[in-house]
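Now for the letters of each chain:
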Amino acid sequence: MVDLSFLALLLLLPLALLFLILYVIVRPCPVNIPIKNRHVFITGGSSGIGLALAHQAATEGARVSILARSLDKLEEAKNYIQLSTGIDVSIFAADVRDYDAVSKAVEEAGPIDLLIVNQGVFVAEELEKQGLDEVRFMVDVNLIGSFNMIKAALPEMKKGEDRGPRSIALMSSQAGQVGIYGYTAYSASKFGLRGLGEALQQEVISHDIHVSLVFPPDTDTPGFAEENKRRPPLTGIIAESSGAMKAEDVAKRALDGIKSASFIVRCNFEGLLLSIATAGMSPQRSFVMAFLEVVAGGLVRLVALCFQWSWDLRFVVLGIALGLQLSVVGYFGPSSL
Ligand SMILES: NC(=O)C1=CN([C@@H]2O[C@H](COP(=O)(O)OP(=O)(O)OC[C@H]3O[C@@H](n4cnc5c(N)ncnc54)[C@H](OP(=O)(O)O)[C@@H]3O)[C@@H](O)[C@H]2O)C=CC1
Ligand SMILES: CCCCCCCCCCCCCCCC(=O)[C@@H](N)CO
């Protein structure tokens, strides 16, 4: 009879060794970014997730500035936050696509401790049907607009070393972790933020500035209600693989992740699976998460392939229903016909 405790030891020893190695090599060290009495600047802070973030930050005692295009919506948001928290909010009407306007707003707002680049636009449609003007719109607002904000705020943020750790957070989407039918332009803009964030983190870490990327699922917001009016059915079916959330819950998860300087901020259980499946070369501060990524990586890839399989099945079923022979060719290969 084999000694069971010997077998257990044989299994546990490599795991313990792996844990130890990760404990030593997983860097940078965890850090807490306080927000009480600090300046939090949120773009797209007049609606949806941005508004919920502004409200949450004010509740936690931060000085809050919000930026968006419509002055009316900004004033409405300011009144709402002031009424419910008693905290004054600074508002800036500017389009993130306009670098000069954004620079002026940043200058007027004063030194920023936490910059949350959250503005975003989304129109779901198949690329073949979508006009290039709409493609450009999403890339300009979501990606180039984020460059504009960061370029405008970075020089002053870098000088703030005496104020303690600072943060630059980017609002991506789970559609920035996996490409989704109907989201060619949107996913491209959100995947772009990841490259921006990974590279930027290396450039600013020596200044004690910490980059976070937030990946929410479908979230109940005015923008989402608008999107839903004309979202292709397949986009909806696939997006529903991840549970929808309320803006307040996303804001809470996002702010907690940002305060703990997590590079990848996930919002729900599917987000945890996605973050493991797409860990890639992203920075990781938590050796426990790193351990999960290493040990569960293969299994999560299997789960990802099962999801892909079930999505493909839906394409086929919908393809047959619509009499589109092509989708069957794509799924089974030409030889099966
Ligand atoms: N809701 C969802 O299902 C999900 C959303 N996200 C992301 O979260 C972020 C917020 O989304 P959500 O709250 O739903 O969106 P909303 O449409 O509800 O709010 C968008 C905000 O961005 C502002 N904004 C839009 N365009 C510009 C611009 N060019 N310049 C400055 N501000 C702008 C809007 O104000 P104004 O129009 O006045 O400029 C508004 O304050 C986006 O980046 C989105 O991609 C990610 C995953 C899921
Ligand atoms: C490894 C296994 C992973 C399993 C889970 C996969 C789930 C993927 C779902 C993606 C959902 C995308 C929602 C986009 C929301 C959004 O950004 C728009 N509403 C626009 O705002």
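About the thresholds
- Residues numbered from 1 in each chain as written.
- Chains lettered and ligands numbered in written order.
- Predicted model: local features only at pLDDT ≥ 70, side-chain atom pairs only at ≥ 80, totals over all residues.
- Heavy atoms only, no water.
- UniProt positions renumbered as here; feature names shortened; annotations may be inferred.
- Helix = DSSP H or I, 4+ residues; strand = E, 2+ residues; numbered from the N terminus.
- Near = heavy atom within 4 Å.
- Polar contact = N/O pair within 3.5 Å; in protein donor to acceptor, adjacent residues only side chain to side chain.
- Areas by Shrake-Rupley, 256 points an atom, 1.4 Å probe, with all protein chains shown as cover.
- Nonpolar A, V, L, I, M, F, W, Y, C, P; charged D, E, K, R; others polar.
- Buried < 20%, exposed > 50% of the residue type's maximum accessible area, 1.4 Å probe, protein only.
- Phe/Tyr/Trp six-rings, centres within 6.5 Å; stacked < 30°, edge-to-face > 60°.
- Salt bridge = Lys/Arg side-chain N within 4 Å of Asp/Glu carboxyl O.
- Contact = heavy atoms within 4.5 Å.
- Pairing = 2+ DSSP bridges.
- Axes fitted to C-alpha atoms, helices over the stretch in contact; angles between N-to-C directions.

In the UniProt entry, the feature "transmembrane region" (unreviewed entry) is given for residues 287-307 and 314-333. Taken end to end, residues 287-307 comprises 100% helix and 0% strand; its first and last C-alpha atoms sit 27 Å apart.

Another point: the site of ligand 1. Around ligand 1 lies a shell of 31 residues, among which Ser46, Ser47, Arg69, Tyr186 and Thr221 are the nearest. Residue Thr221 places a side-chain N or O atom 2.6 Å away from an oxygen atom belonging to ligand 1. For ligand 1, whose accessible area on its own is 880 Å², the fraction buried by protein is 95%. Within the residue set of the shell around ligand 1, elements represented by two or more residues are helix 2 (48-59), helix 6 (184-204) and helix 7 (222-228). By residue number, the principal contributor to the shell around ligand 1 is helix 7, which donates 3 residues. By residue class, the composition of the shell around ligand 1 is 13 nonpolar, 13 polar and 5 charged.

Before going further, it helps to examine unusual backbone geometry. A positive phi angle, close to 60 degrees, is found at Asn37, a residue other than glycine. Residue classification places Asn37 among the exposed positions, given a relative accessible area of 66%. Within the chain, Asp208 stands out as a residue other than glycine whose phi angle is a positive 65 degrees. Structurally, Asp208 is set in the loop between helix 6 and strand 6 (209-215). On the basis of relative accessible area, Asp208 is assigned to the partly exposed category, the value being 26%.

Let us look at the packing of aromatic side chains. With the rule as written, the count across this model stands at 8 aromatic pairs. Taken together, a centroid distance of 5.7 Å and an interplanar angle of 70 degrees make the contact between Phe122 and Tyr186 edge-to-face. Taken together, the positions of Phe122 in the loop between strand 4 (114-117) and helix 5 (132-158) and Tyr186 in helix 6 put the pair 64 residues apart, joining distant regions of the chain. A relative accessible area of 24% means that Phe122 is categorised as partly exposed. With a centroid separation of 5.8 Å and 35 degrees between ring planes, the pair formed by Tyr181 and Phe315 is classed as tilted.

All right, on to the pattern of salt bridges then. Opposite charge on two side chains allows them to pair when their charged atoms are near. One pass over the structure, following the stated rule, counts 16 salt bridges. The shortest N-O distance in the salt bridge between Arg231 and Glu227 comes to 3.9 Å. Under the relative-accessibility criterion, Glu227 is labelled buried at 6%.

Quick look at the site of ligand 2 now. Ser173, Tyr183, Tyr186, Asp218 and Glu227 are the nearest of the 23 residues found near ligand 2. Side-chain polar atom of Ser173 to an oxygen atom of ligand 2: 2.7 Å apart, as the coordinates give it. Between ligand 2 and Asp218 there is a distance of 2.8 Å, counted from a nitrogen atom to a side-chain nitrogen or oxygen. Contact with the protein chains covers 96% of the free accessible surface of ligand 2, which is 600 Å². Those elements giving two or more residues to the shell around ligand 2 turn out to be helix 7, helix 8 (233-239), helix 10 (269-277) and helix 11 (287-321).

Tracing the backbone shows Ser212 in strand 6. With relative accessibility at 0%, the residue Ser212 sits in the buried group. As a C-alpha pair, Ser212 and Gly44 span 168 residues in sequence and 17 Å in three-dimensional space. Ignoring any residue separated from it by four or fewer positions in sequence, one finds Ser212 in contact with Ile168, Ala169, Leu170, Gly257, Ile258, Ala261, Ser262, Phe263 and Val265. Here the side chain of Ser212 touches Ser262 through a polar contact of 2.7 Å, landing on its backbone oxygen.

Take the sheet that holds strand 1 (residues 39-43) next. Sheet architecture is open: 7 strands sit in the order 3-2-1-4-5-6-9, paired in parallel fashion. Whereas interior strands pair on both sides, the edge strands pair on one side only; in this sheet they are strand 3 (89-93) and strand 9 (264-266). Within the sheet, the average angular offset between the axes of one strand and its neighbour, ignoring direction, is 20 degrees. Contacts from helix 3 (residues 71-85) reach strand 2 (63-68) and strand 3 within the one sheet, and its direction differs from that of strand 3 by about 170 degrees.

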